[in-house]
Structure formats: structure tokens, C-alpha cells
Amino acid sequence: MAGAPSLHGHGGTPSAASPPLSRVGAAALAVERVLGALVEIPVAILVAAEIIVLFMGVVARYVFHTPIVWSDELASILFLWLAMLGAVVAFRRGEHMRMTAVAAKVNPGLRAFLDVLAMTAALAFILLVFPHALEYAEEEVFILTPALEIPNAVRAAALPVGLGLMIAFAVLRLVRHADLKVVGVALLTTVAVIAAFWLLGPFLRPLGNANLLIFFVGVVAACVFAGVPIAFAFGLATFGYLALTTRTPMMVLVGRMDEGMSHLILLSVPLFVFLGALIEMTGMAKAMVRFLASLLGHVRGGLHYVLVGAMYLVSGISGSKAADMAAVAPVLFPEMKQRGAKEGDLVALLSATGAQTETIPPSLVLITIGSVTGVSISALFTGGMVPGIVLAVTLCAVVWWRYRGEKLDHVKRATGGEILRSFVIAFPAIALPFVIRAAVIEGVATATEVSTLGIVYAIAAGILIYRQFDVRRLLPMLVDTASLSGAILLIIGTATGMAWGLTQSGFSRELAAAMTGLPGGAMTFMAVSIVAFIILGSVLEGIPAIVLFGPLLFPIARAVGIHEVHYAMVVILAMGIGLFAPPFGVGYYAACAIGRVDPVAGMKPILGYLVALFVGLIAVALVPWFSIGFL
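The residue count restarts for each chain, going from 1 along the sequence in the order it is written. Selection of residues for local features in this predicted model requires a pLDDT of at least 70, selection of side-chain atom pairs for listing and counting requires 80 or more, and totals for whole chains, interfaces and linings are taken over all residues. The side-chain quantities take in all heavy atoms of the structure and omit both hydrogens and water.

Caption draft 1: How the structure looks around the overall build of the chain. Every helix listed is a DSSP run of H or I at least four residues long, and every strand listed is a run of E at least two residues long, numbered separately from the N terminus. Along its length, the chain carries 28 helices and zero strands. Just to be clear, the radius of gyration here is over C-alpha atoms, and the globule rule we use is 2.2 Å times residues to the power 0.38. Against the compact-globule benchmark of 25 Å for 631 residues, the chain has a radius of gyration of 24 Å, which places it among compact chains. Referenced to the eigenvectors of the C-alpha coordinate spread, the extents of the chain come out at roughly 75 × 60 × 55 Å. For the chain, buried positions account for 57% of its 631 residues. Whether two residues touch is decided by their heavy atoms; if any such pair falls within 4.5 Å, the residues are in contact. Considering only contacts in the chain between residues 6 or more positions apart, those separated by 24 or more positions represent 82%. Note on areas: Shrake-Rupley with a 1.4 Å probe; residue coverage comes only from the protein chains shown. Of the roughly 24600 Å² of accessible surface on the chain, 70% is carried by carbon and sulfur atoms. Here's how the labels work: a residue is buried when its accessible area is under 20% of the maximum for its type, exposed when over 50%, partly exposed in between, all with a 1.4 Å probe on protein chains only.

Okay, structure coming up:
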């Protein structure tokens, strides 16, 4: 994906086209593979154990009315281990989120250097924070958990163990690199930059809040555009700021990372990611798409409307946009191409629907907002439905205009019997998103609990109804779930540390004063927020932007009279537009990868859809009822 900001980082094993490895490099590769297997199997077991423990807790509470008092505590312990080992798997696979748009446009020699520099910069942060993670785990020995009465160090040990494994994989990756000269230059560059900042420390401290610009704008921007994974870019900037300009013990940073990754609401992240993989594997997504196609396939642009509707429905089951797109695109794209649709337009619409459905529960961004701002998850789940429909209408208007002259002579209209049959087949799948929403909104179950119910429902439907359940795919699905979850949670952890640093500096008070004093009041604040979050969504992606700025901006929104759920919908949609808009939006390139389409092909067609999304966003911003009318 040339020119793509990539969801992938440092790459995996060498391809066939890579230069032959030296004897040392081959040995390093063999060790890496063995160590990788030793991490992937336990992390898959952790995901499965998390699902089982939480499901047992739900059954005990709602069926037998005898809650298991230790289930949430055990789930919390397992969760931190899952997050850290999942981050290790993502690190080894090169799946930590990073921006590669700049690196992809330079010559191959400089690109290779930037790739290695991204690894050495990440390694630098891990080495800097590792001793403090050890200290943090040692301190937790003296704290006993309330229910299980075991030392909290059992949970906290996940931090140094995960960081230690990342160090091992980074060293192995560097050892087996074909060009040791590039590795040496990257290491020297990293050490030189850190040493320069360390020597400048005495001069930085008197600068006060100007250091916020140096570290949280300058360092973060330099790291992100150089291709350093976002989690480690945040970590380096925060560590540098706290170590060089404050007297804060670095163990506090580890504590804030732990706090960010351990929020109980975030327990649902890996579960909804796994649920998204399940609905694709069991054929539930395919059944929903086929039903919608039987309804609308005969009208002009019909399958494009189906794509919009299918993404809306599937997003109501999975929390992961990549999983949603991967479930829908392979079913629809072949038939759409047969009807003459251009692949560039297909991937453009797929990417646009990714932005359109960002507010559909159980979106991971909604869950993250609830965890960092304290906004009710139930209210967010209720408020997210109509804004998605508003943007669907604006997208469908563009589809109607573009395909109003489509020839459908060869398309056979489905009979009433065929539509009914496809509906009966699809009904168990269509019912699931409504069950998930109803359970959370009515207070029957939390977002975490309902995700386990959804997994059990999907497994039962796959085995008993759709007769499509490949046991051999379970292990890779569990490992993929851990990898994606670990990448997301490590970003949340380092972003929580950065947000804490911003708050302690007094920046939040200054920002609140500046924003509440803007001329025009709420309208101006909303307009500034839309522009800011489109940019942040494009550069940082949605979740890290929310963790960083949610705690700062949501209180200001309340102060200027904007309902917090309305504000949440607006900023999520703005981030979604940035995330799925080229040339920087990572989501756009993920859609291209899933659709197997050259990113250049979709650049022009997506412009019309982006305009439609922006029009829908403005409508949602101007009409609060779309977000809060059903609360």
C-alpha cells in the first residue's frame, strides 16, 4: 500500500524477496519464531479464559441469582495480562498503529532507515520505562486484592513481563536485519536525540508550559510522521516531559498506563473484536448481506445501498471497523464489479461507510469515551443510532446521483418467496445487534456482559443454524483478537499517561478558559471541535485522540451548554471522517487492503462521499435531537 498510513508497523518475517539472512540472522529468526509461539498460545488462552470467566459471572448473576464475587476481579487480572501480551504479539507482527505516509514517499534507502528508526525509538521507550515497571510491580506486592486476597503484583507483573518480551523481540528483529549499517545509524540517531534532550533538561525546566509544545506537539509529531508507532510516540513524549521538566517519579507514569489499560469498561474491547471475527466465520454477516441484496439488488445502485445498510447492521454486532469491512466487502464486491461498478468507487464507499458507522453501538470509540469521560454507556449506545442513519441518508443521496443511469437489464428481481426465505435465514443474525443494544440500553446487562452473550449466541447460531463453524480458525482468531486489542489498549495506556501530564501541567484549566471565552459560545466551540477532531482522527486515529482530549474537552462542552452525548456523536463522526479520508487516514488504507484495491483508484471517487459525510456531520451538529432525542 504505497503512501499508506499503515495499521502495520515493523513488518513480520522476511519475504521471499528479502536478502538472504546471515547465520546469526537465521538463528535470531528461529528464536523469534519459538518465542512468538510461546507468547501466542498463552494469549489465545487468555482471550478464551476472559470470555468464559465473564460469561460464568453473567450466568451466575442472572440465572442462579448468586453472583460470583471474584469473577470481575479475576477478569481484571487476566485482562492486563491479555493487554500486555497482546501488545507483544502486535509488536512482533508489526501491527501497532503507525503513520507511514511520509516514509512511503521517500527513496527506498531513507525508507529502510525510517523503518529501523521506528523500531529503535520504540525500543528506547521500552528500555526507559522497564525499570520503573519493575518497581511498580514490586510495590504492588504489599496490596492484596479484595476478593481473591492475592498480591496485586500478580496482575501488575504483566507490565514488566510484556515490556521485557518486547525488548527481546526488538533485539531479535534488529539482529536479523540484513543491513547492520542501517541498524547502527538508527541506534546512534536514537541515542543522540535522547542524549541531546537529557543535556538540555536544565534549560527546559524554566520554560514552563512551553514544554507542552516541545514534547506533546513537537516530539509527538516528529515521531508519528517518522513512522514510530503511535503508542510509543506518546510514551516517549510523556516520559521526556515528566522526566526532564517535572519532579514526578516515573513509576507514576507506569501507574497511569496501568489505570488507562485496566478500566473495567475496556474489558469489552477484545470481546467485541472476537465477536466481529465470529460473525464473519459463522456466515451470519453473509446471511444479512444476502437478505438486503434480495430487497434492493434490483434497483439502480441497489448493491451500493446494500453496502451502506449492511455496514450499519454489522457494526451493531462488532466493535471493530476493520472486522465490519472484512465481513461485508468480500460478499458484495464481486457482484458489484459484475454490474460494472468501478473498484475505486467501491472502496471509496466502503471507507465512507466506515466513517458513517463509527457511532453505531457497540463501537469501540463509544466504549472508550464512556471509560475516559464518565458519560453513560447506555446513553451513548442510545444516542449513536440516529446520527448513523443521518449520514447513511447523505451517502445514499450520492449513490442515487452517481448510479441513476445504471443499466439493470441483466438483473433478475427477487420474488417475494425468495425475499422471505432469505429473511428467515438472516433473522438470527439480524436479531443479534438489536439484542445487544436492547440489553445495554434497558440495563439488563453491561456492555462487557452483553459481549459475552453475543459470543455465545454467535457460536450457537454458527453451529446449530448456519452449520458453519471452523474450529481450526479459532486459534488464529483468538490471537488476532489479542493482537488488535493489545495495540488499542497500549495506545490507551500511553495516551492516559500523556493526558495526565497535560492535566497536571494546568493546561486543562487554560484550555477551558480559552475555549469558554471564544466568541460565539457553543456554536464556535462545536465548529472548532469538528475541525480539530477531523485533523486528530486523520493523524492520531480516534481512540488515542479521545483518550487525550476527551477528559479536557467534555467538561468544556458541558460548561458552554452542549449535551455530552450530542458532543460525543459530533466528535466521533468528525474523527471518523479524518480516519477514513486520504491521504493520511489509516481507515481508508485498511479499506483498500480489505477490498484489494490500489489506494490511488479510490482517491477521486471518495471526495463526493466525504462531502456527503461532512454535510451529515453538520446536520448532526446543528440538530441535537438526532443525538439526544431518544434518551
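There's more to say after this.
Caption draft 2: Highlighting the packing of helix 9 (residues 250-261) against helix 20 (residues 474-504). Orientation of helix 9 relative to helix 20, taken along the N-to-C sense of each, is 130°, at an axis distance of 7 Å. In terms of their interaxial angle, helix 9 and helix 20 are classed as oblique. Considering how the two elements wind past one another, helix 9 and helix 20 form a crossing that is right-handed. Between helix 9 and helix 20, the contacting residues are Val252, Leu253, Arg256, Met257, Gly260 and Met261 on the first element and Leu489, Leu490, Ile492, Gly493, Thr494, Thr496, Gly497 and Trp500 on the second. Amino acids outside the nonpolar list (Ala, Val, Leu, Ile, Met, Phe, Trp, Tyr, Cys, Pro) and the charged list (Asp, Glu, Lys, Arg) are all regarded as polar, and Gly is one of them. Partitioning the contact of helix 9 with helix 20 into residue classes produces eight nonpolar, five polar and one charged. For every element, the axis is a line fit to its C-alpha atoms; helices are fit only across the contacting stretch, and the angle between N-to-C directions ranges from 0 to 180 degrees. For this classification, under 35 degrees means roughly parallel, over 145 means roughly antiparallel, 65 to 115 means roughly perpendicular, and everything else is oblique. Two helices crossing with the near one rotated counterclockwise from the far one by less than a right angle form a left-handed crossing, whereas a clockwise rotation gives a right-handed crossing.

Caption draft 3: Structural detail: unusual backbone geometry. Cis geometry is adopted by the peptide bond preceding Pro362, which originates at Pro361 and carries an omega value of 10°. Tracing the sequence through the fold places Pro362 in the loop between helix 14 (343-356) and helix 15 (364-373). Even without a glycine there, the phi angle at His65 is positive, about 55°. As for its placement among the helices and strands, His65 is situated in the loop between helix 1 (23-62) and helix 2 (71-93). On the basis of relative accessibility, which here comes to 61%, the residue His65 falls in the exposed class.

Caption draft 4: Seen up close, the packing of aromatic side chains. Any two rings among Phe, Tyr and Trp, with Trp reduced to its six-membered ring, count as a pair given centres within 6.5 Å; such a pair is stacked if its planes are under 30 degrees apart, edge-to-face if over 60, and tilted if neither. What the rule picks out here adds up to 13 aromatic pairs. The interplanar angle of 70° and the centroid separation of 6.3 Å between the aromatic rings of Phe215 and Tyr241 together place this pair among those described as edge-to-face. Here Tyr241 lies in helix 8 (residues 230-245) and Phe215 lies in helix 7 (residues 210-226), a separation of 26 residues in the sequence. We note that Phe215, like Tyr241, is buried. Relative to Tyr589, the ring of Tyr588 lies with its centre 5.2 Å away and its plane at 80°, an arrangement referred to as edge-to-face. By way of ring pairs, the aromatic residues Phe197, Phe215, Phe216 and Tyr241 are connected into one cluster. Any Lys NZ or Arg CZ found within 6 Å of a ring centre and within 35 degrees of that ring's normal is scored as a charge over the ring. Directly above the ring of Tyr609 sits Arg402, whose terminal nitrogen or CZ lies 4.5 Å from the centroid. Against the face of Trp401 rests Arg404, its NZ or CZ located 3.7 Å from the ring centre.

Caption draft 5: Geometry of the pattern of salt bridges. Any Lys or Arg side-chain nitrogen located within 4 Å of an Asp or Glu carboxyl oxygen qualifies as a salt bridge. Applying the stated rule across the entire model yields 15 salt bridges. A salt bridge links Glu259 to Arg256; the shortest N-O distance between them is 2.9 Å. One end of the pair, Glu259, and the other, Arg256, are both in helix 9, three residues apart, so they sit about a helical turn from each other. A residue is classified by how much of its surface remains accessible, and Glu259, at 45% relative accessible area, is partly exposed. We classify Arg256 as partly exposed; its relative accessible area is 22%. Of the charged contacts in the structure, one is a salt bridge between Arg402 and Asp345, with a shortest N-O distance of 2.7 Å. Taken together, the residues span a long stretch of sequence, with Arg402 in helix 17 (residues 385-402) and Asp345 in helix 14 at a distance of 57 residues. Salt bridges linked by common partners bring Glu32, Glu40, Arg92, Arg93, Glu95, Arg173, Arg176 and Asp480 together as one network.

Caption draft 6: View of helix 22 (residues 522-539). One less than the number of residues in a helix, times 1.5 Å, gives the span that helix is expected to have. Along its 18 residues, helix 22 runs 25 Å from first to last C-alpha, staying within 8% of the 26 Å computed at 1.5 Å per residue. If you check which residues of helix 22 are buried, you get Phe525, Met526, Ser529, Ile530, Phe533, Leu536, Gly537 and Ser538.

These figures capture arrangement, not role.
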